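Listed below, chain by chain, are the residues.
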Amino acid sequence: MTQADVPAWAAIIVVALAVIGSALSLLGAVGLVRLKTFYERVHAPTLGATLGMVLVLLASIVWFTTVERRFMPREILIGLFLTVTTPVTLILLARAALFRDRTDRVKDTPRKG
């Protein structure tokens, strides 16, 4: 099957998933720019990137499954890797910033527990 032979229903699903996923990723990037403090900024791109990534990978799964006429699991592996690493990176960055701010006694640092 060539790309020209993809059924209309599959193309519509792929486009919808890709556009919505891209829009959510863009929304996360806008949140990164517009929010004021580091603690606010760290959430927007992580949430937008994670959900946006899932939708774009779903679009990729539908596309390649339709074109190749067989299930393509590599996108699932990519999604698993990104879903695990993105929140871990968020936690490490937030803890490092919190430690730095508490050590430097920065005003308006979130309290312990």
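In this text the structure is predicted, and so the values were computed from the model without any measurement. Counting restarts for each chain: residues are numbered from 1 in the order of the written sequence. Only residues with pLDDT of 70 or above have their local features reported here, since the model is predicted, and side-chain atom pairs are shown and tallied only from 80 upward, although totals for entire chains, interfaces and linings are computed over all residues. Derived side-chain values reflect all non-hydrogen atoms in the structure, with water molecules and hydrogen atoms excluded from consideration.

## What to know about the overall build of the protein chain
Looking only at helices and strands, the protein chain features four helices and zero strands. For helices the rule is a DSSP run of H or I covering at least 4 residues; for strands it is a run of E covering at least 2, with both sets numbered from the N terminus onward. Of the regular secondary structure in the protein chain, the N- to C-terminal order runs α-α-α-α. Relative to its length of 113 residues, the protein chain is extended, with a C-alpha radius of gyration of 19 Å against a globular reference of 13 Å. Oriented by its inertia axes, the alpha-carbon framework of the protein chain measures out at about 65 × 25 × 20 Å. Computed by Shrake-Rupley with a 1.4 Å probe, the accessible areas treat only the displayed protein chains as cover when residues are assessed. Summing over all exposed atoms, the protein chain offers an accessible surface of approximately 8,200 Å²; the carbon and sulfur share of this is 70%. It is over C-alpha atoms that the radius of gyration is taken, and the globule rule equals 2.2 Å times the number of residues to the power 0.38.

## A word on helix α4 (residues 74-103)
The span expected for a helix works out to 1.5 Å for each residue beyond the first. Taking 1.5 Å as the rise per residue, α4 with 30 residues should run 44 Å; its terminal C-alpha atoms sit 44 Å apart, in good agreement. In this fold, the buried residues of α4 make contact with α2 (38-41) and α3 (43-68). Where α4 terminates, the next one or two residues include R105, which has phi positive at roughly 55 degrees. Only heavy atoms matter for contacts: two residues are in contact if any of them lie within 4.5 Å across the pair.

## Topic: unusual backbone geometry
At R69, a position not held by glycine, the phi torsion is positive, near 60 degrees. When you line up the elements, R69 lands in the loop between α3 and α4.

## A few points about the UniProt feature "transmembrane region" (unreviewed entry) in the protein chain
As recorded in UniProt, the feature "transmembrane region" (unreviewed entry) lies at residues 6-32, 44-64 and 76-98. Helix makes up 100% of residues 44-64 and strand 0%. Its end C-alpha atoms lie 30 Å apart. In the segment residues 76-98, helix accounts for 100% and strand for 0%; the C-alpha atoms at its two ends are 33 Å apart. UniProt positions are given in the numbering used here, feature names are shortened, and annotations may be inferred rather than shown by experiment.

## Some points on a nonpolar patch on the surface
In this analysis, a patch consists of residues with relative accessible area above 30% that form no salt bridge, clustered at 9 Å for like charges and at 5 Å for the nonpolar side chains Val, Leu, Ile, Met, Phe, Trp and Tyr. Here a salt bridge means any side-chain nitrogen of Lys or Arg lying within 4 Å of a carboxyl oxygen belonging to Asp or Glu. Judged by side-chain polarity, F71, I76, L77 and L80 come together as a nonpolar surface patch covering roughly 420 Å² of accessible area. The topology assignment puts F71 in the loop between α3 and α4.

## Some points on the packing of helix α1 (residues 8-34) against α3
Here, axes are lines fitted to C-alpha atoms. For helices the fit covers the stretch in contact, and angles between N-to-C directions go from 0 to 180 degrees. Where α1 contacts α3, the two axes come as close as 7 Å, and the packing angle between them is 165 degrees. When the axis of α1 is compared with that of α3, the two are roughly antiparallel. Handedness of the α1/α3 crossing: left-handed. Broken down by class, the residue content of the contact of α1 with α3 amounts to 19 nonpolar, eight polar and no charged. Note on terminology: angles under 35 degrees are roughly parallel, angles over 145 are roughly antiparallel, angles of 65 to 115 are roughly perpendicular, and the others are oblique. Crossing handedness is read from the near helix: turned anticlockwise from the far helix by less than a right angle, it gives a left-handed crossing, and turned clockwise, a right-handed one. Side-chain classes follow a simple rule in which Ala, Val, Leu, Ile, Met, Phe, Trp, Tyr, Cys and Pro form the nonpolar group, Asp, Glu, Lys and Arg form the charged group, and the remainder, Gly included, forms the polar group.

## What to know about the packing of α3 against α4
The N-to-C vectors of α3 and α4 enclose an angle of 175 degrees; their axes lie 10 Å apart at closest approach. One way to sum up the angle between α3 and α4 is to call them roughly antiparallel. Mapping the contact onto sequence places T46, T50, M53, L57, S60, I61 and F64 in α3 and R74, E75, I76, I78, G79, L82, T83, T86 and L90 in α4. For the contact of α3 with α4, the residue count by class is eight nonpolar, six polar and two charged.

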